[in-house]
Amino acid sequence: MSHSAQLELLHGQGSHTDPIACIEDLSADQAAKSIAGFPHSIAQLVFHMNYWMDYELRRIRGQRPPYPQHSAESFPASPFAVDEEQWNRLKKNFATLLSDFTELAKSTPEELNRQIESAHPGDTNLAGTLETVIWQMVAHNSYHTGQVVVIRRAQDVWPPPTGSDAW
């Protein structure tokens, strides 16, 4: 796929929902609200997406961040209460990290083919090119953005004011 496809999918286009639009209008109370049958709140999902985008950016920069032993370590404790200031920081961090990946998606073909080392011994699943890591983040964020949409629908706060598919 092309660079433009990565850019479109990072920020949503067509039926692929814009992840920033999915969270920007929510209050801290809405973001932290737990819904029966859902393991995480929207705030927890945003924390989790931020965790992995930050993790991958550090790997891309040649750092070796510690890999969590369990998926639960990439989520905040439950329940996860956030006030407006904390929620705004989570949203700002999300937008900044997404912007960092957007800039990476604009890299030269040579840079996109650069090998990114695994951050911990024995894990060959995380090795690959910069382009592979970007696609991994696109898929990861898309999956969790879909969860955000479902939770918003359960709270009857969908679609966001900027619009999105609601049929």
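Overview of the structure. Keep in mind the model is a prediction, meaning the values are calculated, not measured.

**A closer look at the overall build of the protein**
Helix and strand counts for the protein come out as six helices and two strands. When the helices and strands of the protein are read in sequence order from the N terminus, they spell out α-α-α-α-α-β-β-α. Expressed as a percentage of contacts within the protein between residues at least 6 apart in sequence, the contacts between residues at least 24 apart total 72%. Accessible area of the protein: about 8,800 Å², with a carbon and sulfur share of 53%.

**Overview of helix α3 (residues 42-60)**
Compared with the 27 Å implied by 1.5 Å per residue over 19 residues, the 27 Å span of α3 between its first and last C-alpha is a close match. Counted residue by residue, α3 has 15 buried out of 19 residues, so it is predominantly covered.

**Quick look at the environment of Ile60**
Tracing the backbone through its elements, the reader meets Ile60 in helix α3. The exposure class assigned to Ile60 is buried, which follows from its relative accessible area of 7%. Each C-alpha atom of the pair Ile60 and Glu117 lies 8.0 Å from the other, and the pair is 57 residues apart in sequence. Once you skip the residues sitting within four places of it in the chain, Ile60 turns out to touch Phe101, Leu104, Arg114, Ile116, Leu130 and Val133.

**Examining empty space enclosed by the protein**
All chains considered together, the criterion is met by one cavity of 30 Å³ or more. Of the voids in this model, the largest cavity is the one considered here, and its volume is about 40 Å³. Considering the residues around the largest cavity, the lining is formed by Leu9, Leu10, His16, Thr17, Pro19, Val138, Asn141, Ser142 and Thr145. Elements that contribute at least two residues to the lining of the largest cavity include exactly α1 (3-11) and α6 (130-154). With four residues, the single largest contributor to the lining of the largest cavity is α6.

**A look at helix α4 (residues 84-105)**
Between its first and last C-alpha, α4 extends 31 Å over 22 residues, near the 32 Å set by a 1.5 Å rise per residue. Of the positions making up α4, those classed as buried are Trp87, Leu90, Lys91, Phe94, Leu97, Leu98, Phe101, Thr102, Leu104 and Ala105. Axial view of α4: buried residues confined to an arc of 160°, hence all on one face. Turned more than 90 degrees from where α4 packs its buried face, Glu85 and Lys92 sit exposed. Of the residues that open α4, the one with a side-chain oxygen 3.1 Å from the backbone nitrogen of Glu85 is Asp83.

**Re the nonpolar core**
Ile23, Ile42, Val46, Ile60, Trp87, Phe101 and Ile134 are the most contacted members of the largest nonpolar core, which has 39 residues in total. Not counting the four nearest positions on each side in its chain, Val46 is found in contact with Ile23, Trp87, Leu90 and Phe94.

**Quick notes on the packing of aromatic side chains**
All told, the structure shown has five aromatic pairs when counted by the stated rule. Residues Trp52 and Tyr55 carry aromatic rings whose centres are separated by 4.9 Å and whose planes lie at 70° to one another, so their mutual orientation is edge-to-face. Highlighted residues: Trp52 and Tyr55, both in helix α3, separated by three residues, approximately one helical turn. When sorted by exposure, Trp52 lands in the same class as Tyr55, which is buried. Ring geometry for Trp52 and Tyr67: centres 5.7 Å apart, planes at 55°, overall tilted. Highlighted residues: Trp52 in helix α3 and Tyr67 in the loop between α3 and α4, separated in sequence by 15 residues. An aromatic cluster is present here, built from Tyr51, Trp52, Tyr55 and Tyr67 joined pairwise through their rings.

The rules we used
- Residues numbered from 1 in each chain as written.
- Predicted model: local features only at pLDDT ≥ 70, side-chain atom pairs only at ≥ 80, totals over all residues.
- Heavy atoms only, no water.
- Helix = DSSP H or I, 4+ residues; strand = E, 2+ residues; numbered from the N terminus.
- Contact = heavy atoms within 4.5 Å.
- Areas by Shrake-Rupley, 256 points an atom, 1.4 Å probe, with all protein chains shown as cover.
- Expected span 1.5 Å × (residues − 1).
- Buried < 20%, exposed > 50% of the residue type's maximum accessible area, 1.4 Å probe, protein only.
- 1 Å grid on protein atoms, 1.4 Å probe; cavity = no way out; pocket = protein on both sides within 12 Å on 5 of 7 lines; lining within 4 Å.
- Points joined across faces, edges and corners; volume = space filled by probe spheres on them.
- Arc of directions from axis to C-beta.
- Polar contact = N/O pair within 3.5 Å; in protein donor to acceptor, adjacent residues only side chain to side chain.
- Core = buried A, V, L, I, M, F, W, Y, C linked by side-chain atoms within 4.5 Å.
- Phe/Tyr/Trp six-rings, centres within 6.5 Å; stacked < 30°, edge-to-face > 60°.

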